[in-house]
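Architecture at a glance
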Amino acid sequence: MGFSQSLSGVNAASSQLDTIGNNISNSQTVGFKSSSVQFADIFANSQGLGTRVAGKLQDFGTGSLETTGRGLDLAIAGDGFFQFTQNEQLAYSRNGQLSMSADGYFENAQGARLTDQQGEPLQITQFSQGAQATTGVETAFNLNAETEELASDSFNQDQSDTYSYVTNAGTVYDSLGVAHDMSLYYTKIGDNQWEVRAALDGEMADGGAAQPISFNESGVPDVNTALSFNFGDLGNGSAAFDDIEVELAGTTQYGEAFELREFAQNGNASGTFVGVEITENGEVLANYSNGNSEEVGIVGMANFRNPEGLEPQGDNLWAATQESGAALLGQAGTGQLGSLESGTVEASNVDLTQELVDMIIAQRNFQANNNAIQTQSDILETVTNLR
């Protein structure tokens, strides 16, 4: 019996050394999770028969997060896995080192594609944006309540003493994506009563006709704060620039200096794809040269009731099994799913110092069992010689 007991010890120690060696060799593998060997004793009729490998336990503790500065490097700060598809099979990983393929897919080094929450590969399909004409403007400003009144019919664009203020409000776009400067003229014509006129590249809207705006005694606009202007044919082949709504919500009339506080508009020039950004919640934003961003999807995240039951597939991937349970899908930063860190990777969680200590212990176990086999062999040889 002694030989088989010691042989089982040799095999167990050998298996432990294999696992330790694999851990050490992957100490620099991004997202790698270390494993340890579990042993169980063998008994029959109260007689010890040695040991066996009961299983290998994976440690899914988080590795340290290391900054790379590369936008397509992702790390999970907390629990969860990235979901990939490869050869029409779903797999899971903690390695978020991604690249973008020529056709806009997010892939790891082996070509597995990052998926959305429905298990479909994430893809950027629009590498350019067409121009969009401005149809609405939102602006807010303060008009000084102590400004002197002027006659409404005295307005002359070229004479600054015929209006109270003028401001270059901001840039708007025609249907061809050509940028134009919008100016707004303000004239106080009575207590709490003002007129607003608009110009595009110096050309007055509606032939210089004014739009009224009034304020109550608290200095905020009465009822309607939306004005509409028509600039007509711009003479450059674009569509007529008409029905431009200017929303003045947030505008005030206080006893303070004139101030333009806000200007925003809904048009844009044409643009080309310049890069991608992934938020901490997994929203994938495509960025364009015209300054616009467009959400193209949300990174699919998964977790498991028993992550230790996942089956390693190699290439930093795991597959779901009956032991792990089905993938529990969700969005990063919700429930038990960690948030995403862009420009960061998760290092291997291998503790090299501990592995080296474990290796010494396993080596001694291996050697001790070998010595036991050698000793039993010597005894057997002695007994044989006595006969």
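These figures come from a predicted structure and were not determined experimentally.

**Some points on the packing of aromatic side chains**
Applying the stated criterion across every chain yields a total of 16 aromatic pairs. Centre to centre, the rings of Phe 141 and Tyr 186 are 4.6 Å apart; their planes meet at 55 degrees, and the pair counts as tilted. Remark: Tyr 186 occurs in strand β14 (residues 179-190) and Phe 141 occurs in strand β12 (residues 136-144); sequence separation between them is 45 residues. Its relative accessible area of 0% is what places Phe 141 among the buried residues.

**Thoughts on the sheet that holds strand β29 (residues 339-342)**
Pairing is antiparallel in the open sheet, where three strands are placed in the order β7-β4-β29. Whereas interior strands pair on both sides, the edge strands pair on one side only; in this sheet they are β7 (96-97) and β29. In this sheet, β7 lies alongside strand β4 (residues 73-77) in antiparallel orientation, the contact comprising two bridges. Residue pairing in the sheet places Leu 74 in a bridge with Gly 96 of β7.

**With respect to helix α2 (residues 352-386)**
With 35 residues, α2 should cover 51 Å at 1.5 Å per step; its first-to-last C-alpha distance of 51 Å lies within 8% of that length. Among all positions in α2, only Glu 355, Ala 362 and Asn 369 are buried. At the N-terminal end of α2, a side-chain oxygen is found 3.2 Å from the backbone nitrogen of Thr 353, two or three residues along, and the residue is Asp 351.

**Some details on the pattern of salt bridges**
What the rule picks out here adds up to six salt bridges. Between Arg 197 and Glu 195 there is a salt bridge, with the nearest N and O atoms lying 3.2 Å from each other. Of the two residues, Arg 197 and Glu 195, both sit in the buried class. Among the ionic contacts, a cluster of salt bridges with common partners joins Lys 33, Arg 94 and Glu 346.

The rules behind the values
Residues numbered from 1 in each chain as written. Predicted model: local features only at pLDDT ≥ 70, side-chain atom pairs only at ≥ 80, totals over all residues. Heavy atoms only, no water. Phe/Tyr/Trp six-rings, centres within 6.5 Å; stacked < 30°, edge-to-face > 60°. Helix = DSSP H or I, 4+ residues; strand = E, 2+ residues; numbered from the N terminus. Buried < 20%, exposed > 50% of the residue type's maximum accessible area, 1.4 Å probe, protein only. Pairing = 2+ DSSP bridges. Expected span 1.5 Å × (residues − 1). Polar contact = N/O pair within 3.5 Å; in protein donor to acceptor, adjacent residues only side chain to side chain. Salt bridge = Lys/Arg side-chain N within 4 Å of Asp/Glu carboxyl O.

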